[in-house]
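Summary of structural features
Letter by letter, the chains look like this.
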Amino acid sequence: MSIYKDYLKQIEERKENGLHPQPIDGAELLSKIIEQIKDLDHEYREDSLNFFIYNVLPGTTSAAAVKAKFLKEIILGESVVKEITPAFAFEQLSHMKGGPSVAVLLDVALGSDVALAKQAAEVLKTQVFLYEADTTRLEEALNNGSAIAKDIIESYAKAEFFTKLPEIEEEIQVVTYIAGVGDISTDLLSPGGDAHSRSDRELHGQCMFEHNKDMQNELLALKEQHPDKRVMLIAEKGTMGVGSSRMSGVNNVALWTGVPFSKYVPFINFAPVIAGTNGIAPIFLTTVGVTGGIGLDLKNWVKQKDADGNTIVDADGEPILKQMYSVATGTVLTINTKEKKLYHDKVELKDVSAAFTPQKMEFMKAGGSYAVVFGKKLQTFASKVLGVDVEPVYAPSKEITIEGQGLTAVEKIFNRNAVGTSGATLHAGSYVRAEVNIVGSQDTTGLMTSQELEMMAATVISPIVDGAYQSGCHTASVWDDKSKANIPRLMSFMNDFGLITGRDPKGKYFPMTDVIHKVLNDITVGDWDIIIGGDSHTRMSKGVAFGADSGTVALALATGEASMPIPESVKVTFKGQMKSYMDFRDVVHATQSQMLKQFGGENVFQGRVIEVHIGTLTADEAFTFTDWTAEMKAKASICISEDETLIESLEIAKGRIQIMIDKGMDNAKGVLKGLVDKAETRITELKTGIKPSLRPDANAKYHAEVVIDLDEIAEPMIADPDVNNDDVSKRYTHDNIRPLSYYGGVKKVDLGFVGSCMVHKGDMKILAQMLKNVEAQKGKVEFKAPLVVAPPTYNIVDELKAEGDWDVLVKYSGFEFDDNAPKGLARTKYENMLYLERPGCNLCMGNQEKAEPGDTVMATSTRLFQGRVVKDTGEKKGESLLSSTPVVVLSTILGRTPTMAEYEAAVDGIVLTKFKPSTKQLVK
């Protein structure tokens, strides 16, 4: 059967599921289609024309290269297709976004046919995705006296590709749709279990609202009733998009409610309108900007205050909310983008100017942030070549300088890495382009990142980036057919692009499924670094890291830059003494709990950088804190360390990077070797005192300061989803932190999970020691609930093996992973025993394996959202309670939550995390 017949068969299969033909990205199929177009009598000629015109992915896909070549033949008269005139061929090229299409346009523009050259030039003036090879051709042609090249470059210098775009509408009418009450996780918009389909946008769109067809049909009905309006998705009494950046979530919302990007490129929509009573989660809001969308902070429910300004609470101590205006489903509202106000029937409801900053409005006008980033670079190139000043077309970068005010840690990092500024000292609120040092891509968003790179016509990683890593951790649990189809292809693309990859496409080194955040935490060897990663838990213990959508990751890989406002910071310090039987995870949860108590239930961390003066914890342990800041709804976090502690962390990182080198993971450019050299240089700076560790200024200004009293942490703390709370908006929030005694030692636990990025080697050693203690006390180890253990990295497994702890775990386990025969099917039933799973995300991700529906899970992981780790049944809601390793282990041995007496006995003699706040001045 021919490749085209195979495609027809696939079309019929997709039709059965209500899907259109899958967009074409392969050269072989499109070449066959072109062959059929040229045959005027071919039975599939008409369909082939439609596929060629309307169903080919743009950018640097192999199909795009074939399409651009054929369009060039038509333009030059070498091929004649009556349905595709030369003028229409130019139009097609204008929608192909760069790479092969720009190369063809340059060929024609710089060719000998003057009439065609002028037409090509007019199209080129609308394009922004040009790279060095393209601009070099233009510059050389200009230097050789080409009038066409001069005309194009002058247009670029004026940024006509931007200025000639239509302005955004002054009034945008929206009709509301309440997608949920309370915080809405991005899992609702793009479930983790459907991660395999994210690169097939139409197929993935079917999972919107977790496949809830009733909600999907309600949305369609609203669109039908209001064809002249855009649907605005709302999180009522909550924050929209908590949990992750998830470009696929924004893509799904755009697919259902947005505007088609091009009539020649299917299923790529932009400009969704999304809102929440408490706004949009910071990393998700960045993703909305990537698509030129609008994200509104509605504040339609507000906390009531008494005469003294204190929050009024009910009998349960919960703040009493008052509705300021209704956004019930079907409400028609008007967004005035000029006044930056939200109206209902001409009555002003809310100032929404934060959603319409000059930069965000540029994204909306350009159809997304990529076009603005590339447009600025193109204008800068053209101005330099012509020897003229850059014309102020784009909104100037916002620069805020406060005389006499010191800098927070994040302000220092951005001042160090900023490009294109006036040189003034910048404070929070400044909008900055900054160079990125480290970039991370994970495997369930990586396919989308590779697509984004293709669509922005990028072919190689920016030389600015110190190092970048592509993980295989999110699909490590089950090596199924979906993984076998997707992951090797992803690793091959990223390896060719210049990333260090968990799997070697050539099979020269053993596949590594280490959790991405752990790898990034090791390869980040600069405390002044900026890190961008395709996951919300991109929170490092060195430098400042931002979780990002797949597109922002692609942009960072391609350009070595990221653009954002410098965030405000909240300073966290510690006092008191940590009790010997407490785990550092309890300090993490207590930080959130004490912060909320200190500020009357207001989360002062949300959208800000948590500057945690952790001082004496090395990178592995400190990461436990920074990792959790995603659940605190912070934008990022920074650890302030003593010099000696940072040196110790860097020595550990050096050793782990060297292991990667020894495995054969370094590339031709010696990226990993370069990181080892960078770490050695930094260690020398610290030891000699040339450059101490990153510290804020003593007179820096913070949005708030939080002091955590370690003396108050008297028992383990558990983040509880509170699944049966009568107030739906109070469910599935990470703010609900409870002490162990709340459960009275009687709450049934159906499954335990020790794993995810929240654990480190110390957790595995604690587990081994607890099992030995139980055997010594009771004569044997018997589990009354299953315990799933997934070490985060192979390095940890190797170190445990060398130290004897792995043998202890194997002794008590009923299952040990085998990399030579990885699981091909997800486990759906669990026995009461210990499972030693492959390093990776496992249950925390929820895309492959889950707990049994309706289970109560006690886990060390990060997510407690509905359906993430465990689904509901008709009789019982699944619960994911989050706690420390000792609590999880003991809960599975007992089959219930332990009492404090049982807990203290179980950890007696075990060295848990020792943490004493630094006594040194961690300010400059």
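The present account deals with the structure reproduced in this document.

Quick notes on the rules
Residues numbered from 1 in each chain as written. Predicted model: local features only at pLDDT ≥ 70, side-chain atom pairs only at ≥ 80, totals over all residues. Heavy atoms only, no water. Helix = DSSP H or I, 4+ residues; strand = E, 2+ residues; numbered from the N terminus. Rg over C-alpha atoms; globule rule 2.2 N^0.38 Å. Buried < 20%, exposed > 50% of the residue type's maximum accessible area, 1.4 Å probe, protein only. Contact = heavy atoms within 4.5 Å. Lys, Arg positive; Asp, Glu negative; His and termini not counted. Charge placed at Lys NZ, Arg CZ, Asp CG, Glu CD. Expected span 1.5 Å × (residues − 1). Polar contact = N/O pair within 3.5 Å; in protein donor to acceptor, adjacent residues only side chain to side chain. Pairing = 2+ DSSP bridges. Axes fitted to C-alpha atoms, helices over the stretch in contact; angles between N-to-C directions.

Describing the overall build of the chain
Helix and strand counts for the chain come out as 31 helices and 33 strands. The C-alpha radius of gyration of the chain comes to 28 Å, within 12% of the 29 Å expected for a compact globule of 924 residues. Here the chain holds 924 residues, and 62% of them are scored as buried. Counted over contacts in the chain with a minimum sequence separation of 6, partners at least 24 positions apart contribute 73%. When the 101 positive and 126 negative side-chain charges of the chain are each reduced to one mean point, those points stand 1 Å apart.

As for helix α23 (residues 584–598)
Across its 15 residues, α23 extends 21 Å between first and last C-alpha, which sits within 8% of the 21 Å expected from 1.5 Å per residue. The buried fraction of α23 amounts to 12 of the 15 residues, a majority that puts the element mostly inside the structure. Along α23, the residues that are buried comprise Phe584, Arg585, Asp586, Val587, Val588, His589, Ala590, Thr591, Gln592, Gln594, Met595 and Leu596. If you check the start of α23, you find a side-chain oxygen 2.8 Å away from the backbone N of Arg585, and it comes from Asp583. At the exit of α23 stands Gly600, carrying a positive phi of roughly 60°.

Focus: unusual backbone geometry
The backbone phi angle of Glu210 is positive, close to 55°, even though this residue is not glycine. Phi at Ser756 is positive, roughly 85°, even though this residue is not glycine. Its place among the elements puts Ser756 in the loop between β28 (751–755) and α27 (761–778).

Structural notes on the sheet that holds strand β22 (residues 569–575)
An order of β24-β23-β22-β25 is seen for the four strands of this open sheet, with the pairing classed as parallel. The outermost strands of the open sheet, each flanked by one partner alone, are β24 (636–641) and β25 (704–709). The sheet shows a mean angle of 25° between the axes of neighbouring strands, taken without regard to direction. Taken together, the six bridges between β22 and β25 define a ladder with parallel strand orientation. Of the residues in β25, the one forming a bridge with Lys571 is Glu705. Across the face of the sheet, helix α24 (residues 619–628) comes into contact with β22, β23 (609–615) and β24 while running at roughly 160° to β23.

Details of the pairing of strand β13 (residues 347–351)
Where a strand is regular, its side chains alternate between the two sheet faces. In this structure, strand β12 (residues 341–344) lies alongside β13, joined through four bridges in antiparallel fashion. Within β13, the residue paired with Tyr343 across the bridge is Glu348. Between the end of β12 and the start of β13, which pair antiparallel, lie two residues, with Asp345 showing a positive phi angle near 50°.

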